[in-house]
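# Breakdown of the fold
The chain contents come next:
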Amino acid sequence: MQKGSERRIKDELQRMPYEPLLPVERKLILGSLLLGAVLLVLLLWTTRG
Amino acid sequence: MPRISEDWLAVWIGLLVFALAAATMFGVDLLGWSITSKVWVEPAKALAPVARGSTVPALLSLAGTYLLMLALTCAGAKCLGAHLPRFAAAFTALFALSVLCSAIGHYAYIAATPDKFDRLGITWSLNLTGESGYIIALLLGLAIANLLPRLAEALREAVRPELYVKIAIVIMGAALGVKSAETFGLAQSVIWRGLCAVVEAYLIYWAVIYYVARRYFRFSREWAAPLASGISICGVSAAIATGAAIRARPIVAVMVSSLVVIFAVIELLLLPFLAQHFLYEEPMVAGAWMGLAVKTDGAAIPAGAITDALIRARAFAVSGVQYQEGWISMTTTTTKIFIDVFIGVWAFVLAIIWTSFIEPKPGVRVGAAEIWERFPKFVIGYVLTFALMLWWCLGDEARIGAAKPATEVANVYRQLFFLMTFLCIGLVSDFRKLREEGIGRLAAVYAVSLFGFIIWFGLLISWLFFAGVKPPLASG
């Protein structure tokens, strides 16, 4: 049963259709990076200041 | 059916070992007879009781330590619903192999640092310290898993690396608490900087890996999110928490987790030695780097312990600087514990985004209780032992002297559980998986992200927050 399920998953991985990035995913990625960059400056300033 | 989760079990076993060891502080030596490895030239001196001046014969000490650990883990295994006779037999074999690896790792020509050469009557050594026993255990586990799969299968019932490492982490909290009391200002700084580094890693790691997995490797959202968490945050637990948060099928997290362990082994064999050679002048950077780059608790925290020993040995050999033991480990542990604590919060955030915007499902609501549900409970045990010893030692400086022998005794069990963790990680790492059809794409995104970005960005973040911070010197 488990072997069969793994086989199906491997097939799925090989034939996975492309799902284009949604605008909300772009926002999540950009928002996370932006917040990371801003916090990096702030945290470095508080740590080293 | 398990009657307790592995996390809570680790808390109780860890606290029990801590309590037995802590009795030493009040003049009751309950565990001083426990066996520990010593750097040796004559095999007869490889193992001895941990308490100085103990007259207990080494064999009796070894038997006692084995029986105590067997009793603790068998009680735990029963609560987890394991098959007890099979568990006891497999545990016995794992314990014996772990002690053997530790003893080999303490062979003077492998382990001795230059300051011990005269006493041991040797003129050279690989200078790898006794922690090389962990690497030997890992290699032995790998050899068994990949060359003797039947033996690996026979040991399976006791192969529980996550349980062993969590017990070790709870026990380790005590020693780090005492250390923090000695240099409280530095400990506060390590905790703050570790928190900063983790916040950065979460926000930047995850977003980049998710983008790479979606855009360049064309994974669906269901695969990309657990994959991003597994690669970027904390391996197995993060992949499982994220998979559950976005309502992915359980098999997705299982497939990702199987890769996490394999890549953690590669990191374990590479990063501590890279750190030893290139970061021995920045020990705390190395410690944070292990926490940020090596995935899963089972690999990361012992990697910190190995790096601690290797860097101190190299710094002493090259510059004659003797750093206090444990600060590099503490930096790794602090970073990793923060990563673990935030998994629940991150999974909660992703669950809200997924159920509200990406794949909205009518009637499905995400409650804040999910944060607690995914909170790694063993962290409570670590915080308890850490805070108790810190509070006790800060109350009166003289107590630090009494607390140290207690943490040395507890350390015996921390090391044994670490050894068993390494052996078990090796035993569950089946490299043949990488050759299987379909897995290649998962492995490719993992390898590209880990070796192309995570490791180096983790190093940069560690450098930014920890450069210039040094552990106290051992003498003075």
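Whatever comes next refers back to the structure up there.
Below: a short report on this structure. As the structure is a prediction and not an experimental result, all values here were calculated from the model.

Moving on, we come to the overall build of chain A. A count of helical and extended segments in chain A gives two helices and zero strands. Evaluated residue by residue, chain A yields a buried proportion of 8% over its 49 residues.

This brings us to the overall build of chain B. Each helix and strand in chain B was counted, giving 18 helices and two strands. Against the globule reference of 23 Å for 476 residues, chain B gives a C-alpha radius of gyration of 22 Å, in line with a compact fold. If you line up chain B on its principal axes, its C-alpha atoms span 70 × 50 × 45 Å. Taking the intrachain contacts of chain B between residues at least 6 apart in sequence as the baseline, contacts between residues at least 24 apart amount to 77%.

Here the focus is the interface of chain B and chain A. Taken together, the contacts link 30 residues of chain B with 24 residues of chain A. Mapped by element, the contributors of at least two residues to the side of chain B that touches chain A are α9 (184–216), α11 (250–278), α14 (327–358) and α18 (439–466) of chain B. Broken down by element, the residue count for the side of chain B that touches chain A peaks at 13 residues, all from α9(B). Tallied by class, the residues present in the side of chain B that touches chain A amount to 19 nonpolar, two polar and nine charged.

Moving on: the environment of B:Gln415. Here B:Gln415 shows up in helix α17 (residues 398–427). Put simply, B:Gln415 and B:Pro302 are 113 residues apart on the chain and 9.1 Å apart in space, counted from C-alpha to C-alpha.

Time to look at helix α2 (residues 58–79) of chain B. Residues and elements named next belong to chain B. With 22 residues, α2 extends 32 Å from end C-alpha to end C-alpha; this agrees with the ideal 32 Å at 1.5 Å per step. Within α2, burial applies to Ser61, Leu62, Thr65, Met69, Thr73, Gly76 and Ala77. Down the axis of α2, the buried set is contained in an arc of 125°. They therefore lie on one face. Along α2, exposed side chains directed more than 90 degrees from the buried face belong to Leu59, Leu60, Ala63, Leu67 and Ala71. Structurally, α2 contributes buried residues whose contacts are with α1 (6–22), β1 (35–37), β2 (47–49), α3 (84–105) and α17. Two residues or fewer after α2 comes glycine 81, characterised by a positive phi angle close to 85°.

Glancing now at unusual backbone geometry. Residues and elements named next belong to chain B. We note that asparagine 127 has phi near 60°; this positive angle belongs to a residue other than glycine. Mapped onto the fold, asparagine 127 is located in the loop between α5 (117–120) and α6 (132–147). Despite not being glycine, arginine 218 shows a phi value in the positive range, around 55°. Take arginine 218: it is sitting in the loop between α9 and α10 (221–245).

With that settled, the discussion passes to the packing of α10(B) against α11(B). Each pair of packed helices gets described by two things: the angle between the helix axes and the distance between those axes. Residue and element names in this part refer to chain B. Running from N to C, α10 and α11 cross one another at 50°; their axes reach a closest spacing of 9 Å. In terms of axis orientation, α10 runs oblique to α11. α10 and α11 meet at a crossing whose hand is right-handed. Contacts between α10 and α11 involve Glu222, Trp223, Pro226, Leu227, Gly230, Gly235, Val236, Ala239, Ile240 and Gly243 on the former and, on the latter, Pro250, Val252, Ala253, Val256, Ser257, Val260 and Ala264.

Attention now goes to the environment of B:Val236. All names here are of chain B. Residue position: valine 236 is located in helix α10. Valine 236 gets classed as buried once you count the C-beta atoms within 10 Å, which come to 23. Between the C-alpha atoms of valine 236 and alanine 253, which are 17 residues apart in sequence, the distance is 7.7 Å. Setting aside anything within four residues of it in sequence, one finds valine 236 in contact with Ser257, Val260 and Thr296.

All names here are of chain B. In contact at an axis separation of 10 Å, α11 and helix α12 (residues 283–293) are set at 160° when each is read in the N-to-C sense. With respect to α12, the axis of α11 lies roughly antiparallel. Crossing geometry of α11 relative to α12 is assigned as right-handed. Counted together, Glu267, Leu271 and Ala275 of α11 and Ala286, Trp289, Met290 and Ala293 of α12 form the full contact between these two elements. Here the residues of the contact of α11 with α12 are counted per class, giving six nonpolar, no polar and one charged.

Compared with the 26 Å implied by 1.5 Å per residue over 18 residues, the 26 Å span of helix α16 (residues 378–395) of chain B between its first and last C-alpha is a close match. On the buried face of α16(B), the contacting elements are α1, α8 (161–182), α14 and α17 of chain B.

Rules behind the numbers
- Residues numbered from 1 in each chain as written.
- Chains lettered and ligands numbered in written order.
- Predicted model: local features only at pLDDT ≥ 70, side-chain atom pairs only at ≥ 80, totals over all residues.
- Helix = DSSP H or I, 4+ residues; strand = E, 2+ residues; numbered from the N terminus.
- Buried ≥ 20, exposed ≤ 12 C-beta atoms within 10 Å, placed from the backbone.
- Rg over C-alpha atoms; globule rule 2.2 N^0.38 Å.
- Contact = placed C-beta atoms within 7 Å.
- Nonpolar A, V, L, I, M, F, W, Y, C, P; charged D, E, K, R; others polar.
- Expected span 1.5 Å × (residues − 1).
- Arc of directions from axis to C-beta.
- Axes fitted to C-alpha atoms, helices over the stretch in contact; angles between N-to-C directions.
- Parallel < 35°, antiparallel > 145°, perpendicular 65-115°, else oblique.
- Left-handed = near helix turned anticlockwise from the far one by under 90°.

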